[in-house]
Amino acid sequence: MGLLSLGTPLAWDDAKQYADHVRAHGVTQFLNIWDRLKDRCGDELLWGDEIEYMVVSFDDEGKNARLSLRQTEILAKLNAITDDIASDRSDPASVPTFHPEYGRFMLESTPGSPYTGSLTDLLSVESDMRYRRRLARKYLKDNEIPFTLTSFPRLGVPGIFTEPHYDPANAVSSRSLFLPEEITNPHARFPTLTANIRRRRGSKVVINLPLFIDRNTPRPFVDPTIPWQRDIYPEDPEAKRGAALIDHIYMDAMGFGMGCSCLQITFQSCNVSEARRLYDALVPIAPLMLALTAASPLWRGYIADVDCRWDVISASVDDRTEEERGLKPLKENRFRIPKSRYGSVSLYISEHWTNRPEYNDIYAPYDQAIFGRLCDHGIDDQLAKHISHLFIRDPIVIFSETIEQDDATSNDHFENIQSTNWQTIRFKPPPVNSPIGWRVEFRSMEVQMTDFENAAFSVFVVLLSRAILSFNLNLYMPISKVDENMVRAQKRDAVRSQKFFFRKDVFPLGGWSSASSSCSSCSSPVGETTDGPPKKEKKLRNCYPSAPRPQNGYLHVPVEDEYEEMTMEEIMFGKCNSFPGLFSLVYEYLDSLDISDDERERLDGYLDLVKRRTNGSLKTAATWIRDFVRTHPTYKFDSVVNQEINYDLMVAVDQIERGVRQAPDFMPLKL
Ligand code: ADP
Ligand code: MG
Ligand code: MG
Ligand code: MG
Ligand code: MG
Ligand code: MG
């Protein structure tokens, strides 16, 4: 989350009257940034992760693990501590920062300042993550522990799942049957987001995850833990009127989704066109990394038949009206909108010649007037479509104090729309008055239970991003196929059970081509082009010239022949000459670096984890968690995650994280 401005949030009926105002000024703000910074070039690689935690409070006597709702106190304490550490350091920017998140049991941490392209930084990610966790841990109560779990297994069960306990009867913002008001960060922004999404939609949000049917699961499964007859809020009957599906885990509030944790990586690009190229290249990578990091098989006290959070969050903030969802003819609303505002990317945005128009093959409505305004301003078609597609959404939270803004010095209205379009990849323009450049955020990964894993997946994505740029990889395929991969990625044990669409030939010019110099307009370090072996690079570079369109005509094959279905192992380890696999590309890239044996060995340790998750010699987090539940002595093979299983699971996860418990089917053995 960015900075939380303070003020008086408007309820939906008031807020919606300012929607056009926010959009119009948001576009002006974007154009102001564009005019100032479109030619900015030469930014070095800076990158950083975001890790989200859930604070769990243990009741050892009652064998219960509950979510601690002390976010406000914990953050105040952590911020005082980090300020204190910073004041003692010569380099205060190296002190990590902690931020609020949606759940009142959540924390987010980021490194104090972004990492650079140096290998030292790349190899310090794990220790930075560990330092952050140690800090968080140290200043909690004795019975509290910060966990990096994607979903909390017993969020929303009947009985006690928070400390302190609250009754869901008071859920005025969400009207949830399961989650109390106090589950949500008390800052006005969050209850307002929750309530306005519900009000705009015209009903509570609806989340149904297929239940994992075990041998004693009653069939048909009609969930006995849903208070079917509750009658407090007008929305209460929605569950029995069809919102809650048979054989599914039904959830009805934003907190079920935005209460999940994830792992995000943001890259600064050399310039805007490189950012757009990287954005596009990461679009097809997002579902793959979702499948490999799958970590959330347990929901509201049940085992689900899916392994990932993505669709839960998507549905949990789906503010589309019935008209927009296509259930009624359009009258009040302007668009039929196929996806929730939390969803996979719908449009590629690069102007590179490898981006064929045919790849944008799904219906992605965009605001014609805004599109026209952007085009009239000189913005190209792709970027204008991207922005005007984001801007079909209404601003959900508007503070009365910040309706009038100076568009030359503020980007608040732009960010209002941008930051509530939660997509797999985010294209982040530079903020106003800041040294930060054009950035791309990779957002699909589930957070892993240990920092070793979080570092490993971060390092993999960083190296892959460099391989993509340095070898000019072409990973394009139709967005509809990427969306199909998103569906498959969330299925149970997707890494092993599914095939994924992927591009067959990733080399645009028909072979390996390694860029040896930077773009002409850019002052980034330039690799030498000498005869003899190319000089090895000391840092991860940010700028590589993109493959030029071949002069004497380049024959495109039909789009349908460019991709095929592959197993995850084929995608990662290769299939044929034109597709050597993502790992070969990463290794080839590593070979271009000036790197010591020791550094290489440590990087290999991270890459090996990703490899072993790919080939199945180690379980994904989701599979490990599912198996833990199903082999627990009190599990009745009825799909239920009882209080004791949850407690024992939390204890086990903490022990694995601290390295005092081995889980050789899940983590490499530490000798
Ligand atoms: P948000 O929640 O809006 O996605 P955060 O501020 O929480 O953003 O996290 C942004 C991440 O980007 C952090 O890891 C931070 O270190 C990193 N970062 C900061 N500045 C830059 C930069 N110039 N380029 C790339 N990454 C950056
Ligand atoms: Mg966050
Ligand atoms: Mg953040
Ligand atoms: Mg954020
Ligand atoms: Mg403690
Ligand atoms: Mg982020």
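Calculation criteria
- Residues numbered from 1 in each chain as written.
- Chains lettered and ligands numbered in written order.
- Predicted model: local features only at pLDDT ≥ 70, side-chain atom pairs only at ≥ 80, totals over all residues.
- Helix = DSSP H or I, 4+ residues; strand = E, 2+ residues; numbered from the N terminus.
- Rg over C-alpha atoms; globule rule 2.2 N^0.38 Å.
- Buried ≥ 20, exposed ≤ 12 C-beta atoms within 10 Å, placed from the backbone.
- Contact = placed C-beta atoms within 7 Å.
- Axes fitted to C-alpha atoms, helices over the stretch in contact; angles between N-to-C directions.
- Parallel < 35°, antiparallel > 145°, perpendicular 65-115°, else oblique.
- Nonpolar A, V, L, I, M, F, W, Y, C, P; charged D, E, K, R; others polar.
- Near = placed C-beta within 6 Å.
- Left-handed = near helix turned anticlockwise from the far one by under 90°.
- Core = buried A, V, L, I, M, F, W, Y, C linked by C-beta atoms within 7 Å.
- Expected span 1.5 Å × (residues − 1).
- Pairing = 2+ DSSP bridges.
- pLDDT = per-residue confidence, 0-100.

Novice: Can you break down the overall build of the chain residue by residue, with the values?
Specialist: What the chain contains, in helices and strands, is 22 helices and 17 strands. Computed over C-alpha atoms, the radius of gyration of the chain comes to 24 Å, within 12% of the 26 Å expected from 2.2 N^0.38 for 671 residues, which places it in the range of a compact globule. Judged by the C-alpha coordinates and their principal axes, the chain covers about 75 × 60 × 55 Å. Evaluated residue by residue, the chain yields a buried proportion of 49% over its 671 residues. For the chain, the share of sequence-separated contacts (at least 6 apart) that also reach a separation of at least 24 residues comes to 77%.

Novice: Which residues make up the packing of helix α15 (residues 451-470) against helix α19 (residues 582-591), and what values do they have?
Specialist: For the pair α15 and α19, the least separation of the axes is 9 Å and the interaxial angle reads 80 degrees. The angle between the axes of α15 and α19 places the two elements in the roughly perpendicular class. Seen from α15, the contacting residues are Leu463, Leu464, Arg466, Ala467 and Ser470; seen from α19, they are Leu582, Leu585, Val586, Tyr589 and Leu590. Of the residues assigned to the contact of α15 with α19, the class counts are 8 nonpolar, 1 polar and 1 charged.

Novice: I'd love a proper account of the site of ligand 1, names of residues and values included.
Specialist: In the vicinity of ligand 1, 18 residues are found, and the nearest of them are Leu46, Gly48, Pro114, Thr266 and Gln268. For the shell around ligand 1, the elements supplying multiple residues, two or more each, are β1 (47-59), β9 (263-268) and β15 (439-442). At 4 residues, the largest contribution of residues to the shell around ligand 1 is made by β1. The class makeup of the residues in the shell around ligand 1 is 7 nonpolar, 7 polar and 4 charged.

Novice: Residues and numbers for the environment of Val653, please.
Specialist: Along the chain, the position of Val653 falls in helix α22 (residues 643-658). Along the primary structure Val653 and Phe147 are separated by 506 residues, whereas in three dimensions their C-alpha atoms are 8.3 Å apart. Sequence-distant contacts of Val653, that is, excluding residues within four places in its chain, are made with Phe147, Leu149 and Met449.

Novice: Please provide a residue-by-residue account of the packing of helix α12 (residues 368-376) against helix α13 (residues 381-390), values included.
Specialist: Contact geometry for α12 and α13: axes closest at 9 Å, N-to-C directions at 145 degrees. In this structure, α12 crosses over α13, and the sense of that crossing is right-handed. Residues Ile370, Phe371, Leu374 and Cys375 of α12 lie in contact with α13, whose contacting residues are Ala384, Lys385, Ile387 and Ser388.

Novice: So what about unusual backbone geometry? Which residues, and what values?
Specialist: Apart from glycine, the bulk of residues carry a negative phi angle, and the bulk of peptide bonds sit in the trans form. Looking along the chain, the bond that leaves Glu163 and enters Pro164 is cis, with omega of -5 degrees. Counting through the fold element by element, Pro164 comes out in the loop between β6 (162-163) and α6 (189-201). In the segment running from Arg219 into Pro220, the intervening peptide bond is cis, with an omega of -15 degrees. Relative to the elements of secondary structure, Pro220 occurs in the loop between β7 (207-210) and α7 (239-243). The phi angle at Asn433 is positive, at roughly 50 degrees, despite the residue not being glycine.

Novice: I'd love a proper account of the environment of Arg600, names of residues and values included.
Specialist: Tracing the chain through its elements places Arg600 in helix α20 (residues 597-615). Residue class for Arg600 comes out partly exposed when judged on the 14 C-beta atoms lying within 10 Å of it. Placed 434 residues apart in sequence, Arg600 and Tyr166 show a C-alpha to C-alpha distance of 51 Å.

Novice: I'd like a description of the nonpolar core, backed by residues and values.
Specialist: Ranked by internal contacts, the top residues of the largest apolar core, which has 181 residues, are Met54, Leu282 and Val459. Here this core gets 13 residues from one element, more than from any other, and that element is α15. Beyond its immediate chain neighbours, meaning those up to four positions away, Val459 contacts Leu122, Val125, Leu603 and Tyr606.

Novice: Please set out helix α2 (residues 19-37) residue by residue, giving values where relevant.
Specialist: Over its 19 residues, α2 extends 27 Å from the first C-alpha to the last, a length consistent with the 27 Å expected when each residue adds 1.5 Å. What α2 keeps buried is the set Val22, Arg23, His25, Gly26, Val27, Gln29 and Phe30. In the core, the buried residues of α2 are packed alongside α12, α13 and α14 (412-418).

Novice: Hey, could you go over the pairing of β1 for me, with residue numbers and the actual values?
Specialist: For β1, the buried fraction is high: 12 of the 13 residues fall into the buried class. Looking at chain direction, β1 and β9 are connected through 5 bridges and run antiparallel. Paired with Asp49 across the bridge in β9 is Ile265. Strand direction decides the pairing type here: β1 and strand β4 (residues 106-110), joined by 4 bridges, are antiparallel. If you follow Glu52 over to β4, its bridge partner there is Glu108. Two strands pair when backbone bridges link them, and β1 and strand β5 (residues 144-147) are joined in this way by 4 bridges, in the antiparallel orientation. Across the sheet, Val55 pairs through a bridge with Pro146, a residue of β5. In this sheet, strand β2 (residues 64-68) lies alongside β1 in antiparallel orientation, the contact comprising 4 bridges. When the bridges of β2 are listed, Phe58 appears paired with Ala65.

Novice: Please give an account of the pairing of β15 that cites residues and values.
Specialist: Here 4 bridges tie β9 to β15, and the two strands are oriented antiparallel to one another. From the neighbouring strand, Thr266 faces β15, where its bridge partner is Glu441. Across 4 bridges, strand β14 (residues 425-428) lies against β15 in antiparallel orientation. In the strand pairing of β15, Ile425 is matched with Phe442.

Novice: Explain the environment of Gln662 to me, and be specific about the residues and the numbers.
Specialist: You can see Gln662 is positioned in the segment after α22. A residue is classified by how many C-beta atoms lie within 10 Å of it, and Gln662, with 13 of them, is partly exposed.

Novice: Got a sec to walk through the confidence of the model for the chain? Specific residues and values, please.
Specialist: Per-residue confidence for the chain gives a mean pLDDT of 94; residues scoring 70 or more make up 95%. Below a pLDDT of 50 lies the segment residues 524-529, which in the model reaches 18 contacts outside its immediate sequence neighbourhood of four places, other chains included. Among the scores for the predicted complex, ipTM is 0.95 and pTM is 0.97.

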